[in-house]
Amino acid sequence: MYVIVCVQAYAKPVVLATFPIPLMVENEEKGLFIKLVKEIARREKIDLKIVLHPPGKAHLAFSNGKVDGLFPALEGHTPVNSAKSVEYYRKVGFVFYRQDLVLKSLKDLEGKKVGLTFRYNYGEELRENKKIRFEYAKDDVLNMQKLGKKMIDAFVVEERSGLKALQLSGEKNIRFDKKVPIFATPVFFAFQGNSEGKVLAATFSKAIEAMREDGSLEKTLREE
């Protein structure tokens with residue numbers, strides 16, 4: 001049960017920070033997550049403003065209270081007192097590898113150089129494995145290019161954004177095994193931990209649950 005308060009009562013637009021993710025957040029106007037945010041704003045009559053930053057700057061803007069909310073938000077990457085919506089997407093990660101070096105499982109990655117993207121959440125089991133050498137890049141496309149050029153042995157990334165990054169990178173002979181996920185983590189909207197943030201979290205949760213029930217959540221997050 002959600003406590004519903006009219007977010008239209010805010011004197012200023014609700015400002016949400018986000019960051020580029022292939023397919024999901026392409027710019028302030030395009031991307032599957034952008035489509036979702038705009039649909040929630042339409043349903044709940046929210047005056048919304050989206051600001052796009054690099055991942056680190058987006059998280060910093062939220063942590064410093066410069067924006068009302070952050071998306072996509074993941075456990076361990078937002079302040080503990082944040083107000084959170086219900087889950088709207090599940091990020092499932094896989095190992096992308098070259099055909100000449102097949103790597104699928106966490107065990108396979110031990111002793112290898114593995115690409116990750118700054119400020120992304122990969123789950124503790126992966127991040128805390130001391131036998132894996134991690135190398136970070138600023139975005140998924142760059143990691144795909146590094147993989148194709150053999151600068152890294154593998155790249156761990158969410159399936160759909162990974163496939164889009166692969167397409168954008170122009171690299172060939174890169175694969176992943178959909179039967180062997182390496183992590184799964186819920187994705188939600190995070191808001192400031194004050195009374196306004198709690199109202200926003202409740203309002204977004206209400207809209208997400210309604211969209212889940214009528215089937216439009218899945219439809220909105222489906223690539224056209």
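In what follows, the structure referred to is the one given above.
Residues numbered from 1 in each chain as written. Predicted model: local features only at pLDDT ≥ 70, side-chain atom pairs only at ≥ 80, totals over all residues. Heavy atoms only, no water.

A. Main features of the overall build of the protein chain. Broken down by element type, the protein chain carries 8 helices and 10 strands. At 18 Å, the protein chain has a C-alpha radius of gyration in line with the 17 Å of a compact globule built from 224 residues. Seen through its C-alpha atoms, the protein chain measures out along the principal axes to roughly 60 × 35 × 30 Å. Expressed as a percentage of the 224 residues in the protein chain, the buried residues total 52%. Carbon together with sulfur atoms contributes 51% to the accessible area of the protein chain, which is approximately 11,200 Å² in total. In the protein chain, which carries 38 positive and 30 negative side-chain charges, the distance between the mean positions of the two groups comes to 3 Å. (Helix = DSSP H or I, 4+ residues; strand = E, 2+ residues; numbered from the N terminus. Rg over C-alpha atoms; globule rule 2.2 N^0.38 Å. Buried < 20%, exposed > 50% of the residue type's maximum accessible area, 1.4 Å probe, protein only. Areas by Shrake-Rupley, 256 points an atom, 1.4 Å probe, with all protein chains shown as cover. Lys, Arg positive; Asp, Glu negative; His and termini not counted. Charge placed at Lys NZ, Arg CZ, Asp CG, Glu CD.)

B. Highlighting empty space enclosed by the protein. Enumeration over the complete set of coordinates arrives at 1 cavity of 30 Å³ or more. Lining the largest cavity, in full, are Phe19, Ile21, Met24, Phe33, Pro72, Leu74, Tyr89, Lys91, Tyr120, Glu158, Ser161 and Val187. Here the residues of the lining of the largest cavity are counted per class, giving 9 nonpolar, 1 polar and 2 charged. (1 Å grid on protein atoms, 1.4 Å probe; cavity = no way out; pocket = protein on both sides within 12 Å on 5 of 7 lines; lining within 4 Å. Points joined across faces, edges and corners; volume = space filled by probe spheres on them. Nonpolar A, V, L, I, M, F, W, Y, C, P; charged D, E, K, R; others polar.)

C. Geometry of the nonpolar core. In terms of nonpolar packing, the biggest core is built from 59 residues, with Phe71, Tyr88, Leu109, Leu126, Val156 and Phe189 touching the most fellow members. With 7 residues, the top contributor of residues to this core is helix H1 (residues 32-44). Other than its neighbours up to four places away in sequence, Phe189 contacts Leu36, Val37, Ile40, Leu70, Phe71, Ala73, Ala83, Lys84, Ser85, Tyr88, Phe204 and Ile208. Counting residues in hydrophobic clusters, the runner-up holds 12 residues, among them Phe94, Met144, Phe155 and Ala165. (Core = buried A, V, L, I, M, F, W, Y, C linked by side-chain atoms within 4.5 Å. Contact = heavy atoms within 4.5 Å.)

D. Inspection of unusual backbone geometry at higher detail. Going from Phe71 to Pro72, the amide bond is cis rather than trans, its omega being -10°. Backbone geometry places Lys45, a non-glycine residue, at a positive phi of 55°. Turning to its location among the elements, Lys45 is positioned in the loop between H1 and strand S2 (48-52). With a relative accessible area of 54%, Lys45 lands in the exposed category.

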